[in-house]
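Analysis of the macromolecular model
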Amino acid sequence: MPELPEVEVVRRGLVEHVLGRVVDSVEVHHPRAVRRHLAGPEDLATQLLGARLVSADRRGKYLWLQVDDTTRGTRAVVVHLGMSGQLRVQRVGAPDEKHLRIRLRLRNDAGAVTELRFVDQRTFGGWVVDALELVEGSLLPRTVSHIARDPLDVAFDADRVVAAMRRKRTEVKRALLDQTLASGIGNIYADEALWRAQLHGRRPTDKLTRTQAHRVLESAAAVMTEALAAGGTSFDALYVNVNGDSGYFARSLAAYGQADRPCSRCGDRIIRESFMNRSSFSCPRCQPAPRARKA
DNA sequence: CAAGGCTCCTGATAGC
DNA sequence: TGCTATCAGGAGCCTT
């Protein structure tokens, strides 16, 4: 499941392998991959053809390539990997992947052509071409304008996020997953952050102390920074890699997916609980559940 | 308006 | 063996 660190690894790969190239062709192989581009696949293709990829940016789990051409101005192609999306840089003629959804042919100034492919088994991901607009000092595609800064953003304002979190009447895990509060955190890093901060995900946010709220956000930033350090070192040149399995740092997870294994802090047994139609993992001793649950 | 639930999708795996 | 049920989950959209 690509969360912030995995998406950042992809962004860095794009900087290295595709920036500066010009779009030669666009093929959309599955309509769901462009369902958020309301003007349709042909329009998406038209908007990209002939344009040069000039930068690769990210906020939370969203990533975008800014495209520029002298006659039509500046836009961005926004990519969300969803659950299973991958971006791959491939040579022309490499066999199509089973779940190939979009193919771009990209030409550099020397005339060499490579392909950028979007491969996405579960089709939760997708592309949109969007205008850019200024939101609180950042140039963002319209699709991303409602997404909050992520904890690794230099302008992330922890005090403000803590205040907003404590004003809400919700549970802390829900708040961590709310991309309009702080972005980039998904189910895996939410559980890891809660484990580090020694908080149960069902704790009500309006009852957290400022210190507790700060601690869980700092923990999220720390665990994502560590994951990025581990994942960012091992991607293949042919592969603007991400596979959502977080393979290279999965072994360092303390809570997520660790049901029945001992907590590395206290030795108690990690438990799995159902939450929002998915799973939460926590240590029952380090992260005691709140006793009363009020609506 | 805020909060919470539903739904999209495919493949792996468990269970009978 | 082969079928069906369950699970994985990001985020837009709908309901309350």
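What you see is a predicted model; the values in this text were computed from it and never measured. (Residues numbered from 1 in each chain as written. Chains lettered and ligands numbered in written order. Predicted model: local features only at pLDDT ≥ 70, side-chain atom pairs only at ≥ 80, totals over all residues. Heavy atoms only, no water.)

**So, the pairing of strand E6 (residues 100-107)**
Of all the eight residues making up E6, six are buried; the element is thus mostly covered by neighbouring parts of the structure. Across six bridges, the pairing between strand E1 (residues 22-28) and E6 is antiparallel. Across the sheet, Val22 pairs through a bridge with Arg107, a residue of E6. Bridge analysis of E6 against strand E7 (residues 113-120) gives seven bridges, and the strand direction is antiparallel. If you follow Leu106 over to E7, its bridge partner there is Thr114. The loop that links E6 with its antiparallel partner E7 comprises five residues; one of these, Gly111, has a positive phi angle of about 95 degrees. (Buried < 20%, exposed > 50% of the residue type's maximum accessible area, 1.4 Å probe, protein only. Helix = DSSP H or I, 4+ residues; strand = E, 2+ residues; numbered from the N terminus. Pairing = 2+ DSSP bridges.)

**A closer look at the protein's contact with DNA strand C**
In the vicinity of DNA strand C, 15 residues are found, and the nearest of them are Tyr62, His80, Arg122, Tyr256 and Ser279. Here the atoms of DNA strand C within 4 Å of the protein split so that 62% fall in sugar or phosphate, with bases taking the remainder. Here a base nitrogen of DNA strand C and a side-chain polar atom of Arg278 are 3.4 Å apart. In this structure, a phosphate oxygen belonging to DNA strand C sits 2.6 Å away from a side-chain N or O atom of Ser279. (Near = heavy atom within 4 Å. Polar contact = N/O pair within 3.5 Å; in protein donor to acceptor, adjacent residues only side chain to side chain.)

**Re the protein's contact with DNA strand B**
As a matter of local geometry, DNA strand B sits amid Arg32, Lys98, His99, Gln121, Arg122, Thr123, Phe124, Lys168, Arg169, Thr170, Arg174 and Asn277. Within the contact set of DNA strand B, a phosphate oxygen lies 2.6 Å away from a side-chain nitrogen or oxygen of Lys168. Between DNA strand B and the protein, one listed contact pairs a phosphate oxygen with a backbone N or O atom of Arg169 at 3.0 Å. Classifying every residue of the surface near DNA strand B gives one nonpolar, five polar and six charged. (Nonpolar A, V, L, I, M, F, W, Y, C, P; charged D, E, K, R; others polar.)

**So, the side chain of Asp69**
With respect to the secondary-structure elements, Asp69 resides in strand E3 (residues 62-69). Asp69 gets classed as buried once you look at its relative accessible area, which sits at 11%. Of the polar contacts made by the side chain of Asp69, one reaches the side chain of Arg75; its length is 2.6 Å. Residues contacting Asp69, with those up to four places away along its chain left out, are Gly50, Ala51 and Arg75. (Contact = heavy atoms within 4.5 Å.)

**Observations regarding helix H1 (residues 4-17)**
With 14 residues, H1 extends 20 Å between its outermost C-alpha atoms, agreeing within 8% with the 20 Å of an ideal straight helix rising 1.5 Å per residue. For H1, a buried count of eleven out of 14 residues is recorded, marking the element as mostly surrounded by other parts of the structure. Taken together, the buried positions of H1 are Leu4, Pro5, Glu6, Val7, Glu8, Val9, Val10, Arg11, Gly13, Leu14 and His17. (Expected span 1.5 Å × (residues − 1).)

**A closer look at the environment of Asn187**
Here Asn187 shows up in helix H5 (residues 187-197). One polar contact links Asn187 to Lys173, side chain to side chain, over a distance of 2.6 Å.

**Quick look at the layout of surface pockets**
Estimated volume of the largest pocket: approximately 930 Å³. Lining the largest pocket are 35 residues, with Lys61, His80, Gly82, Met83 and Phe124 positioned closest to its centre. When contributions to the lining of the largest pocket are tallied by element, the ones reaching two or more residues are strand E4 (73-80), strand E8 (126-135), H5 and strand E11 (278-282). A total of five residues in the lining of the largest pocket trace back to one element, the largest contributor, which is E8. Considering only residue class, the lining of the largest pocket consists of 17 nonpolar, eleven polar and seven charged. (1 Å grid on protein atoms, 1.4 Å probe; cavity = no way out; pocket = protein on both sides within 12 Å on 5 of 7 lines; lining within 4 Å. Points joined across faces, edges and corners; volume = space filled by probe spheres on them.)

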